[in-house]
Amino acid sequence: MKKKANEQKPTIFTIFGGTGDLAARKLIPALYNLFLDGYMPKEFTIVGLGRTEYNDESYKEVLLDGLNKYSRSGVADPAKWGEFSSNIIYLQSDASKEKTYKDLEQIIADRDEQWAEAATVIHYLSVAPQFFPVISEYISKIKMAGGKEKCRIVIEKPFGRDLETAKELNELLQSLFDESQIYRIDHYLGKETVQNMMAFRFANALFEPIWNRNFIEHVQISVTEDIGIEDRGGYYDGSGALRDMLQNHILQVLCLVAMEPPVSFNADEVRNRRVDVLKAIRRFGPEEVKHNAVRGQYAGGWVGGKEVNGYREEKGVDPNSNTETFCAFKFFIDNWRWQNVPFYVRTGKRMHQKSSVISIQFKDVPHPIFPSHASENWQQNRLIISIQPEMSIRLQVQAKRPGLDMILNPVDMVFDYDGTYPKESPEAYETLLLDAMEGDQTLFMRGDQVEAAWELLMPVIDNWEGRKSLNFPNYPADSWGPEIAEALIAKDGFHWFTMPVKSKSKKK
Ligand code: NAP
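Before going into details, it helps to say that this report is about the structure given with it. (Residues numbered from 1 in each chain as written. Predicted model: local features only at pLDDT ≥ 70, side-chain atom pairs only at ≥ 80, totals over all residues. Heavy atoms only, no water.)

The next point concerns the packing of aromatic side chains. Under the definition given, this model contains 27 aromatic pairs. With 5.7 Å between their ring centres and 75° between their planes, Phe284 and Phe329 make a pair best called edge-to-face. Here Phe284 is found in the loop between helix H10 (267–280) and helix H11 (286–292), whereas its partner Phe329 is found in strand E11 (residues 326–331), with 45 residues between them in sequence. Take Phe284: its relative accessible area is 6%, and that puts it in the buried class. (Phe/Tyr/Trp six-rings, centres within 6.5 Å; stacked < 30°, edge-to-face > 60°. Helix = DSSP H or I, 4+ residues; strand = E, 2+ residues; numbered from the N terminus. Buried < 20%, exposed > 50% of the residue type's maximum accessible area, 1.4 Å probe, protein only.)

This is how it looks when you write it as structure tokens:
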């Protein structure tokens, strides 16, 4: 059970990048909501850091603005905000200067003196990756009354831009901290529906016996966004869909679908089983890159009656950019459970619909007994796990349509989060920040997991970077991606699953 306020240890959160977008949109709202729900310790301090000129009061005003706009709990109650924000201070500072860390050391020492117990200090690195080394070097030297073990460091994505840089960063972090102090965040792992994968698979005896190559025909994981790159051109053009979405979020979801049952819910046990999947995914040689990996880039077009730019016309993007805004892969997992079961994954921007969905298609019945007119709408059993915007699990089964004739129709058995749990679920960052406070690393990436994911994808990255795509842009805005992505799956006789649009969609 998560500890409530009176059981939590005194905690100091330092947010490097405290004036940035992530702090305003996600981190502060998450901490505030934890406070509202009674999970913040009785004694806590949040130190926002950045170079922008603010005092404590003007900084809090900016945070309140963000909170009112983005928090799932809506506009803040003035009394509650007053109580929460009395624990926030702003440290105007440059992350590359030693003085910043002397000031921080003093703040920590003051709190340790005031509070009955030495604080756990969580340093959240919500800054561009070039600052990760300098900040981690300095904070590893901060003296703390509670000793080194009370210091934790949370690293935002991207963790490296390839295997070599990820290894370098791991080596540096592991030379400064123990692995148990390092929290590499992948916020997808904190999402309710993603966490529920473990519950669904390992708390129900029903699915495990059929969760393998004998019963499952293929798996799809599709994470599509309807927006373009917005104002992130500068960042995105050096990254692309593979690095931004596939290397981290999608591969982690795939691990949860494909992992072996862990012997316990222990963090390392669970992470061992996840990394086993990454190690078992069939490696990509030049032929696999050609046949099993496709890339795309969006062209301009019309979305909701408004004309939108193509990727190469976006602000901050090279007009001849070779960066992919879409990618799709066919993976195989070489182990007993999954031999020859294709796992298709795709992700892209400016697509027809925002949706993150896992579709698990079961093999067909061994022998059809119904006449052809009864089975015109035949659909093999399918389990559909929708992560966003709808949060649901649907089991598609065939059923008889009411009437005098035997006509079969696919129907859904649905577990819908909204309907079952009317109270809004916590945001992923709430779960993850609370886990970091409690020292639970289950939903965080271990160093070897990050490296295994990069290692798998390096042949594709090298191939794509060394070979300019001649047909970019190759899919229009508001579409389902390039035709080659359809071909990737169609040549095996399948098609991409798309989630029917629900009229009411939840913000997540
Ligand atoms: P951002 O809005 O550009 O903020 C960057 C932050 O870095 C600002 O607070 C800036 O503060 C600070 N900064 C820059 N140079 C500094 C320096 N020399 N010393 C001290 N502070 C400095 O970026 P963001 O969107 O919040 O993203 C932060 C990190 O989270 C990045 O690694 C990003 O990849 C990751 N991330 C962001 C999101 C998101 O939704 N935004 C999602 C996933 C991951 P000053 O300008 O005040 O110095």
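Within the open sheet, the eight strands sit side by side as E8-E11-E12-E7-E13-E14-E15-E16. Their pairing is mixed. A single partner strand is all that each edge strand has here, and the edge strands are strand E8 (293–296) and strand E16 (408–416). Each adjacent strand pair in this sheet contributes to an overall mean axis angle of 15°, direction not counted. As paired strands, strand E14 (residues 382–388) and strand E15 (residues 392–400) are joined by five bridges and run antiparallel to one another. Bridge pairing in E15 links Leu383 to Leu395. Lying on the sheet, helix H7 (residues 192–202) is in contact with strand E13 (355–362), E14, E15 and E16; it crosses E14 at an angle near 145°. With respect to the sheet, helix H15 (residues 483–490) is in contact with strand E7 (216–224), E8, E11 and strand E12 (343–348), its orientation differing from that of E11 by roughly 10°. (Pairing = 2+ DSSP bridges. Axes fitted to C-alpha atoms, helices over the stretch in contact; angles between N-to-C directions. Contact = heavy atoms within 4.5 Å.)

Limitation: the analysis is restricted to geometry and does not speak to function.
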